[in-house]
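Secondary and tertiary structure notes
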Amino acid sequence: MRASCLCGDVVWEGSGPGELVHHCHCGICRKISGTAFTTMGGVPASSFRFVRGGDGIRRFRSSPGSERCFCGRCGSTVPGEAFGDTVFVPFGNVEGDPGGRPVAHIFVASKAPWYELPDDGLPRFDAYPPGYADPELFPAEPRGGSDGRVGGSCLCGAIAYELEKPVDAWHNCHCSRCRRGRGGAHASNLFLDARRFRLLRGGDAIDSFKVPEAERFTQSFCRTCGGKAPRINVQAGYAAVPAGSLDDDPGARPERHIYVASKAPWFEIADRLPQFSAFIDS
Ligand SMILES: [Zn+2]
Ligand SMILES: [Zn+2]
Ligand SMILES: [Zn+2]
């Protein structure tokens, strides 16, 4: 199994196919991926190594026993320290089909209020599956937003924003850049008129990486925690917000899957949202 971050600086490998592959809905995973859940798979710690780029990794201690690691240049999630004999790697970054398939949803008690679990037949656990250490829950705790404002922030809190409803569009994007950047099955981004988006703090905490060969594909992230951050497209006049960074329920829900022709082989789309092979086409 071989994988790399979005910019290619960090490359790692381990022996496949990936054990205990799971979708994690905890609040930490949502913030670091910018999506509804991360998908992580285990490789034996003895087989894991960074092929290159290990020096460029930044670390953020998300809870007393857990460290979240990301590429300092592009913000992609990269593997952290071993969990016993296993290193959990973000499946969105793995090249090709490692063979392993998701076996469970975990931390569903913390799931995003805007995300409905699909009928995919996988077992669901409120926190860790039985047999694992007591979890430190990081619940969604959707707040009011009664005045029509919806807040969001990165994991460490350096970046905070608010937006005013309504949301104009919401895509789950399965392209390979989104999967590598987010480290998961797909990105989940909502879009709205930039005049209804306001950065409250942390403008100087945001780092951005633009894929050199792309017209505009850019990933923005907090340089301290690696949490995915909103971007303003000044020319087009809209804000693109990674849904996993939301703290409030925006009322709207994801509307469609795009670029499903590039979907990860290990991920089945089990909901009923419309699917488009590339951008919104036929
Ligand atoms: Zn990178
Ligand atoms: Zn998690
Ligand atoms: Zn942060």
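Fair warning: this is a prediction, and the values are worked out from it, not measured in the lab.

Pairing in this open sheet of 4 strands is mixed, and the strands run β9-β4-β3-β10 from one edge to the other. At either end of the open sheet lies a strand with only one pairing partner, and these are β9 (86-90) and β10 (104-106). Averaged over all pairs of adjacent strands, the angle between their axes in this sheet comes to 35°, without regard to strand direction. Both strand β4 (residues 38-44) and β9 contribute to a ladder of 5 bridges, which runs antiparallel. Bridge pairing in β9 links G41 to V89.

Most often, soluble globular proteins have nonpolar side chains that are buried together. Ranked by size, the top nonpolar core spans 56 residues in total, and within it C5, C24, C71, V78, V89 and L163 carry the most contacts. Taken domain by domain, the makeup of this core includes at least three residues from each of domain 1 (2-110) and domain 2 (149-262). Non-local contacts of V89, meaning those with residues more than four positions away in its chain, are made with A3, W12, G14, M40, G41, V43, P79 and V94. Counting 5 residues, the second largest nonpolar core, distinct from the first, contains C173, C178, A187 and I258.

Once that is clear, we can look at the domain arrangement of the protein. We note that the domain assignment places domain 1 (2-110) and domain 2 (149-262) within the protein. One C-alpha centre belongs to domain 1, the other to domain 2, and the line joining them spans 20 Å. Tallying the contact residues gives 27 residues for domain 1 and 28 residues for domain 2. Within the side of domain 1 that touches domain 2, the residues separate by chemical class into 11 nonpolar, 11 polar and 5 charged.

Before going further, it helps to examine the environment of C156. With respect to the helices and strands, C156 occurs in the loop between β11 (149-153) and β12 (160-164). Taking the C-alpha atoms as reference, C156 lies 8.6 Å from F60; in sequence the two are 96 residues apart. Residues contacting C156, with those up to four places away along its chain left out, are F60, C222, T224, C225 and G227.

Moving on, we get to unusual backbone geometry. As a rule of thumb, non-glycine residues mostly have phi less than zero, and peptide bonds are mostly trans rather than cis. Here the bond from G16 into P17 is cis, since omega is 5°, no more than 30 degrees from zero. Here P17 is to be found in the loop between β2 (11-13) and β3 (19-24). For Y259, which is not glycine, the phi torsion reads 55° and is therefore positive. Along the chain, Y259 falls in the segment after β20 (256-258).

So, how was this worked out
- Along every chain, residues carry numbers that run from 1 in the direction the sequence is written.
- Chain labels run from A onward and ligand labels from 1 onward, assigned in the order the entries are written.
- Reporting of local features is limited, given that this is a predicted model, to residues whose pLDDT is at least 70; pairs of side-chain atoms are given and counted only at 80 or more, and all residues count toward the totals for whole chains, interfaces and linings.
- By the convention used here, strands pair only if DSSP detects at least 2 bridges between them.
- In this description a helix means any DSSP run of H or I spanning at least four residues, a strand means any run of E spanning at least two, and both kinds are numbered starting from the N terminus.
- Geometry is summarised by axes, namely lines fitted to C-alpha atoms with helices restricted to the contacting stretch, and by angles between N-to-C directions that run from 0 to 180 degrees.
- Remark: nonpolar core denotes a set of buried Ala, Val, Leu, Ile, Met, Phe, Trp, Tyr and Cys residues whose joining runs through C-beta atoms within 7 Å.
- The burial criterion counts other C-beta atoms lying within 10 Å of a residue's C-beta, which is placed from the backbone; the residue is buried at 20 or more, exposed at 12 or fewer, and partly exposed between these limits.
- For each domain, the first and last residues come from an automatic or database assignment.
- What counts as a contact here is a pair of residues whose C-beta atoms, placed from the backbone, lie within 7 Å.
- Residues are grouped as follows: Ala, Val, Leu, Ile, Met, Phe, Trp, Tyr, Cys and Pro are nonpolar; Asp, Glu, Lys and Arg are charged; every other residue, Gly included, is polar.

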